[in-house]
Amino acid sequence: MDSSQLLSLSTFGYLFASGAYLAAFLFKSKKAGLAGTIATALTFLGQTAALGLRWYESYQIGAGHAPLTNMYESLVFFSWSIACFYLIIEYKFKNKTLGAFAMPFAFFAMAFASSGWVYQQINPLIPALQSNWLIAHVVTCFIGYAAFAVACGIAVMYLLKSRSPKSSGLLATLPDLKVIDDIIHKSMVYGFLWLSAGIITGAIWDNSAWGTYWSWDPKETWSLITWFFYAAVLHARFTRGWHGTRIAWLAIGGFASVVFTYYGVNYLLSGLHSYGAS
Amino acid sequence: MNKDKNSPWMFFASVKLTLFILFILAAASIIGTVLPQGEGAGAYTQFYMSKLDVSSQTANIMTNITFLLDLDTMYQSWWFRTLLLLLSANLIVCTIERLPDVWRLVVQDNLATDLDRIGNMRNRRHYTSSLTVEESCRQISEALKPLGWQTGQRQRDKATLLFAQKAPWSRLGVYVVHASILVIFIGALIGSIWGEKGGVNIPETLTTDKIYQFGTGSPVDLGFTVKCNWFHMERYPNGTPKTYASELVIIEDGDEVLTQVIDVNDPLKYKGWTFYQSSYQSHEKFIFSVVNNESKNEERFLAPPQKAVRWSDENLLFGIQELIPSSTPGSYKYKLLVADNKGGQNLYMIEDNQQITVKQPDGKLYTFHVKEFFSTGLQVGKDPGVWVVYIGCLLMLIGLTGAFFIFHKRIWILVRQEDDTTRILLAGTTNKNKAAFETEFNNLSDKVADINQIEAQ
Ligand code: HEM
């Protein structure tokens, strides 16, 4: 079995886990929750092995590099980080209904990666990409993005719970609004730290290859936009006491900015910028 | 200073302004990612016509507005810089306004805390003990020590007050983050004032003592000479470029002071200048290095393909007869033709940047080395502010970690004799993450209860 087969399998692993968590939430089934946790943990381990295998395979074809260098590999790492971050949260807050809102992101990332829209082959690295700063950059960014994704999922959970009348049967299994609010905030704080590190390592990489640490290209600028946005959200909460529904919406808005930084910039803005050549 | 609520000072100290600036910065920055930057008027008119489907008249007006508001170079524009300046002013005033209070909290004498306040803290627990006051204090201090709480002690009225804290300095974390932003701005400013950015192409074996500024194209003296010994490109089997490398030599007053091979992520640094490998140019010519193996006589020649080269000293005639694509896409092998001195011709296959030894009919041996002739494309920069920026980045990460994950925790233990029992009060506070502290406090208070026959009340 090679790494891409193993990674395709992990798509189904996360799909199963998401389904199990959803069942745990909808039917208050402890067994389904346990199945979700086991599926997530096993898939996470399988994915870890697959990443290791892909690293090994890259050396076999003479293009040896860590599996963190293109869209496909970053999506895989993104879903891996989400699973990792989610498992920590589940362990800390001891509530499996969170999985129904967080793990679908891990599944979507893998489903998109395996969809055929994304180039999956291991490609040799052009000179500019052969840098340890690139690895540091991708790792830090995607841990941050994973935290923001989880914050977004949990924010959806918050909105769902806050909209319905008190203690209606189904939503009662969700954690208290206060606890959900706290998880959203902590995830964003965590994401903000890693995003900062991601922008910094990106700047250092840029400087070591081209002699400019900041060049205002659309991708860089969008990462800064996202950063400004979350900085504002943290201040709004910490110094002006915003919380609850407002912060939940901002967590969703912030993640939209993350998705645009990560994906939209490549496919929407590059089109505008290549206009100069046409 | 006028600290009236509506004074300019309080305006600049407010976090509302911060929120406003941060959201505006985020929103405004979008413009430059959608609108191409640094183009000419014609390009913008066309851009508006094709993307927004407006008439050429409207597009012209929009183009005028674009230039009026400097939207074509918006990140360097006066209004964008004003926003950054506002953010800096906001940060500085806010810090001056708040830091003194925070500093007081970091260094204050907590053994002087008002005793009533301790009794009213949210996290608190009362005990009685059969030990004497001194013995209780001693044993509690002993028990707390391994948990990282180092107690101090003072006599207050008729009671003894113990105090211990963790990480008071973490309160400064936020201010380190804020300062780091200013440090980064200062670094960027230094770079934009005293920095220099440009580029230069150096053909192999030649030198330069100037670079050419980006944008203006005007020459800048380096103050020394740079020579390119060679440029080399390596490819993966599928033809993708694998390495671009050049060997550069720094020459000062005719002396070669430094020789270094650079590649894309590994520049050369000398006297504040950094030389980055950024591109290359092929001249469709080839460098031949030929050596007479016996006499060690050596000579270099430059020639395009299919052109005969004569080395008169050795009476040698040669040239590349044909370029043959090699198995790696994008690279070539050469069919090297060498005339012998009896009128015959011999053909040899040789790979780029390889050598081959050829035997002439008279027994003389010559070694040929053939290589495509390139110019190396260097990006050259001087940025005295970059270290300031890096220090700012490091400060930011340290500050964020301090602000987010390290908390200032304080506990007080008040021990007093009342009739013939010893009464103990344990209380604690933290500045953040209250829920986690509550758990820690409960564990701590159980521990205090466990030891020394203390009973909870
Ligand atoms: C891009 C700019 C800024 C960044 C990245 C930043 C970052 C931070 C961070 C990470 C925190 C800690 C928040 C938390 O613990 O949840 C914080 C707190 C704070 N920030 Fe900023 N900040 C920025 C600009 C400003 C400005 C311009 C002001 C001026 C008013 C300001 C005022 C404050 C205040 C008052 C606090 C709370 C401090 C406390 O009482 O502990 N910030 N900031």
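Remember, predicted model here, so these are calculated numbers, not experimental data. (Residues numbered from 1 in each chain as written. Chains lettered and ligands numbered in written order. Predicted model: local features only at pLDDT ≥ 70, side-chain atom pairs only at ≥ 80, totals over all residues. Heavy atoms only, no water.)

**Details of the interface of chain B and chain A**
Residue-level contacts link 54 residues of chain B with 48 residues of chain A. Both sides together, the interface formed by chain B and chain A hides about 4500 Å², and carbon and sulfur atoms give 73% of it. At the junction of chain B with chain A, the criterion picks out zero salt bridges. In this structure, the connection of chain B to chain A is made through five residue pairs in polar contact (both at pLDDT 80 or more). Of all the secondary structure elements, the ones that give two or more residues to the side of chain B that touches chain A are α2 (15–34), α3 (41–52), α8 (173–194), β7 (241–252), β10 (273–292) and α9 (386–405) of chain B. Considering every element that reaches the side of chain B that touches chain A, the biggest residue donor is α2(B), with 12 residues. Partitioning the side of chain B that touches chain A into residue classes produces 31 nonpolar, 16 polar and seven charged. (Contact = heavy atoms within 4.5 Å. Buried area = accessible area lost by both parts, 1.4 Å probe. Salt bridge = Lys/Arg side-chain N within 4 Å of Asp/Glu carboxyl O. Polar contact = N/O pair within 3.5 Å; in protein donor to acceptor, adjacent residues only side chain to side chain. Helix = DSSP H or I, 4+ residues; strand = E, 2+ residues; numbered from the N terminus. Nonpolar A, V, L, I, M, F, W, Y, C, P; charged D, E, K, R; others polar.)

**Topic: the sheet that holds strand β13 (residues 316–325) of chain B**
Residues and elements named next belong to chain B. Strand order across the open sheet formed by four strands is β12-β13-β14-β15, with antiparallel pairing between neighbours. Since the sheet does not close on itself, it has two edges, and those belong to β12 (309–311) and β15 (345–351), each with one partner. On average, adjacent strands in this sheet sit at an angle of 30° to one another, irrespective of strand direction. Relative to β13, β12 runs antiparallel, the two being bridged by three bridges. If you follow Val-309 over to β13, its bridge partner there is Phe-318. (Pairing = 2+ DSSP bridges. Axes fitted to C-alpha atoms, helices over the stretch in contact; angles between N-to-C directions.)

**Regarding helix α5 (residues 132–163) of chain A**
Under the 1.5 Å per step criterion, the end-to-end length of α5(A) is 47 Å for 32 residues, consistent within 8% with the ideal 46 Å. Sitting at the head of α5(A), A:Ser131 places a side-chain oxygen 3.0 Å from the backbone nitrogen of A:Trp133. (Expected span 1.5 Å × (residues − 1).)

**Observations concerning the domain arrangement of chain B**
For chain B, the assigned domains are domain 1 (8–98), domain 2 (108–167 + 407–456), domain 3 (194–282 + 377–383) and domain 4 (284–373). Using only C-alpha atoms to locate each centre, domain 1 of chain B and domain 2 of chain B end up separated by 55 Å. (Domains from an automatic or database assignment.)

**Some thoughts on the environment of A:Val139**
All names here are of chain A. With respect to the secondary-structure elements, Val-139 resides in helix α5. The class of Val-139 is partly exposed, set by a relative accessible area of 24%. Note: C-alpha distance between Val-139 and Trp-194 (55 residues apart in sequence) is 9.0 Å. Sequence-distant contacts of Val-139, defined by excluding residues within four places in its chain, comprise Leu-68 and Phe-77. (Buried < 20%, exposed > 50% of the residue type's maximum accessible area, 1.4 Å probe, protein only.)

**What about the coordination of the iron atom of the ligand?**
For a metal with four tetrahedral donors the ideal donor-metal-donor angle is 109.5 degrees, while six octahedral donors give ideal angles of 90 or 180 degrees. Each protein donor to the iron atom of the ligand is listed here as A:His235 (NE2) and B:His178 (NE2); together their distances run 1.8 to 1.9 Å. For the iron atom of the ligand, the six donor atoms in the first shell make angles of 86 to 179° at the metal, so the coordination geometry reads as octahedral. A residue pair is termed interchain when its members come from two chains, as with A:His235 in helix α7 (residues 218–240) and B:His178 in helix α8. Exposure remark for B:His178: the relative accessible area of 14% places this residue in the buried category. (Donors = N, O, S within 2.8 Å, 3.2 Å for Na, K, Ca; no water. Tetrahedral: all angles 85-135°; square planar, octahedral: opposite > 155°, others 65-115°.)

**A word on the site of the ligand**
The environment of the ligand is made up of 21 residues, and the closest members are A:His235, B:Thr18, B:Cys94, B:His178 and B:Lys432. Nearby residues place the ligand at the junction of chains A and B. The separation between a nitrogen atom of the ligand and a polar side-chain atom of A:His235 is 2.7 Å. With respect to the ligand, the side chain of B:His178 contributes an N or O atom lying 2.7 Å from a nitrogen atom. Sorting elements by how many residues they give to the shell around the ligand places helix α5 (residues 78–107) of chain B first, with five residues. Each residue belonging to the shell around the ligand can be placed in one class, and the counts come to 13 nonpolar, six polar and two charged. (Near = heavy atom within 4 Å.)

**Focus on the packing of aromatic side chains**
The geometry of two aromatic rings is summed up by the distance between their centres and the angle between their planes. Using the criterion set out here, one finds 47 aromatic pairs over all chains in the structure. Taken together, a centroid distance of 5.5 Å and an interplanar angle of 45° make the contact between A:Phe107 and A:Phe108 tilted. Since its relative accessible area comes to 52%, A:Phe108 is described here as exposed. Taken together, a centroid distance of 5.1 Å and an interplanar angle of 75° make the contact between A:Phe142 and A:Tyr145 edge-to-face. Remark: A:Tyr145 and A:Phe142 occur in helix α5; sequence separation between them is three residues, near one turn of the helix. Neither residue differs from the other here; A:Phe142 and A:Tyr145 are each classed as buried. These aromatic residues form a ring-pair network of at least three members: A:Phe85, A:Tyr190, A:Phe192, A:Trp194, A:Trp227, A:Phe228, B:Phe404 and B:Phe405. Between A:Lys94 and the ring centre of A:Tyr91, over which it is positioned, the NZ or CZ distance is 4.1 Å. (Phe/Tyr/Trp six-rings, centres within 6.5 Å; stacked < 30°, edge-to-face > 60°. Lys NZ or Arg CZ within 6 Å of the ring centre and 35° of its normal.)

**A short note on the packing of α3(B) against helix α4 (residues 56–68) of chain B**
To describe two helices that pack against each other, one gives the angle between their axes and the distance between the axes. Residue and element names in this part refer to chain B. One can describe the packing of α3 onto α4 by two numbers: an axis separation of 8 Å at closest approach and a directional angle of 125°. In terms of orientation, α3 lies oblique with respect to α4. Seen from above, α3 lies across α4 with right-handed handedness. Residues Ala-41, Tyr-44, Thr-45, Tyr-48, Met-49 and Leu-52 of α3 form the contact with α4, whose participating residues are Ser-56, Ala-59, Asn-60, Met-62, Thr-63, Thr-66 and Phe-67. Tallied by class, the residues present in the contact of α3 with α4 amount to eight nonpolar, five polar and no charged. (Parallel < 35°, antiparallel > 145°, perpendicular 65-115°, else oblique. Left-handed = near helix turned anticlockwise from the far one by under 90°.)

**Re the side chain of A:Arg54**
With respect to the helices, strands and loops of the structure, A:Arg54 is situated in helix α2 (residues 30–60). There is a polar contact of 2.8 Å between the side chain of A:Arg54 and the side chain of A:Glu73.

**With respect to the confidence of the model for chain B**
Regions with low pLDDT should not have their predicted coordinates read in detail. Residues and elements named next belong to chain B. With 97% of its residues at a pLDDT of at least 70, chain B reaches an overall mean of 88. When mean pLDDT is compared element by element in chain B, α9 scores highest at 95, while strand β20 (residues 454–456) scores lowest at 62. The ipTM value of the predicted complex is 0.90, and its pTM value is 0.87. (pLDDT = per-residue confidence, 0-100.)

**Notes on the domain arrangement of chain A**
Residue and element names in this part refer to chain A. In terms of domain boundaries, chain A breaks down into domain 1 (1–125) and domain 2 (131–278). At the interface, 23 residues of domain 1 touch 33 residues of domain 2. The largest per-residue losses of area from domain 1 upon contact with domain 2 belong to Phe-78, Phe-85 and Phe-101, which jointly make up 23% of the total buried on that side. The interface formed by domain 1 and domain 2 contains zero salt bridges. Counting across the interface, domain 1 meets domain 2 through two residue pairs in polar contact (both at pLDDT 80 or more). Elements represented by at least two residues in the side of domain 1 that touches domain 2 include exactly α1 (3–26), α3 (71–93) and α4 (97–113). At 10 residues, α3 tops the list of elements feeding residues into the side of domain 1 that touches domain 2. Its residues assigned to classes, the side of domain 1 that touches domain 2 shows 17 nonpolar, five polar and one charged.

**Some remarks on a nonpolar patch on the surface**
There is a patch of nonpolar side chains on the surface, built from A:Leu22, A:Leu26, A:Phe27 and A:Leu170 and spanning about 370 Å² of accessible area. As for its placement among the helices and strands, A:Leu26 is situated in helix α1. (Patch = residues over 30% accessible without salt bridge, like charges linked within 9 Å, V, L, I, M, F, W, Y side chains within 5 Å. Areas by Shrake-Rupley, 256 points an atom, 1.4 Å probe, with all protein chains shown as cover.)

**Observations concerning the pattern of salt bridges**
Residues and elements named next belong to chain B. Taken as a whole and assessed by the stated rule, the structure comprises 18 salt bridges over all chains. Put simply, Glu-142 and Lys-145 hold a salt bridge, and the shortest N to O gap is 3.9 Å. Residue class for Lys-145 comes out partly exposed when judged on its relative accessible area of 44%. Among the ionic pairs, Glu-322 bridges to Lys-335, the shortest N-O distance being 3.3 Å. On the criterion of sequence distance, the pair formed by Glu-322 in strand β13 and Lys-335 in strand β14 (residues 332–339) is long-range, its members being 13 residues apart. Under the relative-accessibility criterion, Glu-322 is labelled partly exposed at 37%. Owing to a relative accessible area of 24%, Lys-335 belongs among the partly exposed residues under this scheme.

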